[in-house]
Amino acid sequence: YDNGNRIPLVETLKKQYQNIEISDSTKQNIELLSLPNTFTITTGHQLNLFSGPLYFLYKIISTINLTKELKLKYPANNFVPIYWMATEDHDFEEINYFNFKGKKFRWNKESSGPVGRLSTEGLDEFFEIYSLELGSSTNANVLKNLFKDAYLKHDNLADATRYLANNLFANYGLVILDADDANLKRAFVPFIKEELEHQTSFKTVQKTIEQLSDYTIQVNPREINLFYIEDNLRERIIFENDKYYVNNTKTSFSKDEILKLLESNPEKFSPNVIMRPLYQEIILPNLCYIGGGGEIAYWLELKSFFDAVNITFPILLL
């Protein structure tokens, strides 16, 4: 891990937390990230409405607990729990609902871009229906206020989810990261360039998949494992006939044009499931990733890719 990456990481986190009440332990953990003896334990999850499955909570609790264990065992180091918000994901259908008392509560809205940038407009109507089901007990009122404060007082899904997770876990020093950020993507530029020019991930992951042929393959790499993103757009970048095309649009670039754009606007490039773990390990001083079965299965396809680009592969924990 390059210690030079710590400065933009801490700067970005401070900026992302500036409009939110922050606990002393989270504040301290953000400061500690600038020190070379501080490491992270990371989990990630989609921006499910009002946390979605219980899994979301289990993952974060597991991450917090492991940092506590490590601090006891290695007191000379610091260990910070990170919740990586999947803000660049665009699969809105997977996150726009939750189940409560045997009923499915769904937020009906159109979304085509990265979900973190999605406006929370329209959730007041959703809230009215949900609050009727909650009833009026003390706990129900706590949940109503939490929903209102998270979703009705924040403009986009990333800010709402940060507020929610912070409200639940701030006292344990959880640090919430939104990596859809130009400052953080600067460090990823050489790897995006490598991907655009040489398709290293495709070649190395393909080989690993052959070695894993006895198992169900979780994800298959594409020739270019990057998306092009704007507020209402997240589409694959495809290389054909010496040109780079943005799928389902009329946008295309020559090699020089796309590399120029990468230098000036790295935030327009978004890693897919194959590249995201690499991005995570470049911007965080990370020791371990805690994920579900499906996640661990796709991480296991990536070891030789990490070796090829000379980045340390983390410990994986189910």
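Keep in mind that this is a model prediction, so the values were computed, not measured. (Residues numbered from 1 in each chain as written. Predicted model: local features only at pLDDT ≥ 70, side-chain atom pairs only at ≥ 80, totals over all residues. Heavy atoms only, no water.)

Enquirer: Could you clarify how one ought to interpret helix α8 (residues 189-198) in this entry?
Expert: Structural remark: α-helix, 3.6 residues per turn; residues separated by three or four positions point the same way. Within α8, the full set of buried residues consists of Val189, Phe191, Ile192, Glu195 and Leu196. Around the axis of α8, the buried residues are gathered within 165° of arc, so they sit on the same side. A positive phi of about 50° marks glutamine 199, the residue just after α8. (Buried < 20%, exposed > 50% of the residue type's maximum accessible area, 1.4 Å probe, protein only. Helix = DSSP H or I, 4+ residues; strand = E, 2+ residues; numbered from the N terminus. Arc of directions from axis to C-beta.)

Enquirer: In this structure, what is going on with the pairing of strand β1 (residues 38-45)? I would like to understand it.
Expert: Each regular strand displays side chains that alternate between the two surfaces of the sheet. Counting buried positions over the eight residues of β1 gives seven, a clear majority of the element. Of the pairings in the sheet, the one linking β1 to strand β2 (residues 78-85) comprises eight bridges and is parallel in character. Bridged to threonine 40 within β2 is valine 80. After leaving β1, the chain enters helix α3 (residues 55-73) and then returns to the sheet as β2, a path that is right-handed. In the sheet, β1 pairs with strand β11 (residues 286-290) via four bridges, with the strands oriented parallel. Looking across to β11, one finds that threonine 42 is bridged to tyrosine 289. (Pairing = 2+ DSSP bridges. Right-handed = clockwise from strand over helix to strand, strands pointing away.)

Enquirer: Hey, could you run me through the nonpolar core in this one?
Expert: As a rule of thumb, soluble globular proteins bury nonpolar side chains together. By size, the foremost hydrophobic cluster in this structure holds 86 residues, and its most contacted members are Tyr151 and Leu196. Considering every element that reaches this core, the biggest residue donor is helix α6 (residues 157-169), with six residues. When sequence neighbours within four positions are dropped, the list of residues in contact with leucine 196 reads Ile224, Leu226, Ile237, Tyr244, Ile258, Leu259, Leu262 and Phe269. (Core = buried A, V, L, I, M, F, W, Y, C linked by side-chain atoms within 4.5 Å. Contact = heavy atoms within 4.5 Å.)

Enquirer: Sorry, what's going on with the sheet that holds β11 here?
Expert: Remark on secondary structure: sheet strands pair via backbone hydrogen bonds, oriented parallel or antiparallel. Sheet architecture is open: five strands sit in the order β5-β2-β1-β11-β12, paired in parallel fashion. The sheet is open, and its two edges are formed by β5 (175-178) and β12 (315-317), each paired on a single side. Mean inter-strand twist for the sheet, computed between neighbouring axes without regard to direction, equals 30°. As paired strands, β2 and β5 are joined by four bridges and run parallel to one another. (Axes fitted to C-alpha atoms, helices over the stretch in contact; angles between N-to-C directions.)

Enquirer: I would appreciate a short explanation of unusual backbone geometry in the present structure.
Expert: What is expected of a backbone is that most residues other than glycine have negative phi and most peptide bonds are trans. You will see that asparagine 248, though not glycine, has its phi angle at about 60°, which is positive. Residue position: asparagine 248 is located in the loop between β8 (243-246) and β9 (252-253). The phi dihedral of asparagine 310 is positive, around 65°, even though this residue is not glycine. Tracing the backbone shows asparagine 310 in the loop between α13 (303-308) and β12. With relative accessibility at 70%, the residue asparagine 310 sits in the exposed group.

Enquirer: Before we go on, may I ask you to explain the packing of α8 against helix α9 (residues 200-211) in this structure?
Expert: Helix-helix packing is characterised by the crossing angle of the two axes and by the distance between the axes. Orientation of α8 relative to α9, taken along the N-to-C sense of each, is 80°, at an axis distance of 7 Å. Classified by the angle their axes make, α8 and α9 are roughly perpendicular. Residue-level inspection shows Glu194, Glu195 and His198 of α8 in contact with α9, the latter providing Thr200, Ser201 and Lys203. Its residues placed into classes, the contact of α8 with α9 shows no nonpolar, three polar and three charged. (Parallel < 35°, antiparallel > 145°, perpendicular 65-115°, else oblique. Nonpolar A, V, L, I, M, F, W, Y, C, P; charged D, E, K, R; others polar.)

Enquirer: Is there a simple way to explain a negative patch on the surface in this structure?
Expert: A surface patch of negative charge is lined by Glu121, Asp124, Glu125 and Glu128. For glutamate 128, a relative accessible area of 53% puts it in the exposed group. (Patch = residues over 30% accessible without salt bridge, like charges linked within 9 Å, V, L, I, M, F, W, Y side chains within 5 Å. Areas by Shrake-Rupley, 256 points an atom, 1.4 Å probe, with all protein chains shown as cover. Salt bridge = Lys/Arg side-chain N within 4 Å of Asp/Glu carboxyl O. Lys, Arg positive; Asp, Glu negative; His and termini not counted. Charge placed at Lys NZ, Arg CZ, Asp CG, Glu CD.)

Enquirer: Any chance you could explain the sheet that holds β8 here in plain terms?
Expert: Taken together, five strands build an open sheet; the order of strands is β9-β8-β7-β6-β10 and the sheet is antiparallel. In this open sheet, the two edge strands, each paired with only one partner strand, are β9 and β10 (269-271). Taken together, the four bridges between strand β7 (residues 233-240) and β8 define a ladder with antiparallel strand orientation. When the sheet's bridge partners are listed, phenylalanine 239 is paired in β8 with tyrosine 244.

Enquirer: Sorry if this is basic, but what is going on with a nonpolar patch on the surface here?
Expert: Taken together, the side chains of Leu54, Tyr55, Tyr58 and Ile61 make up a nonpolar region of the molecular surface, amounting to roughly 410 Å² of accessible area. Inspection of the secondary structure puts leucine 54 in the loop between β1 and α3.

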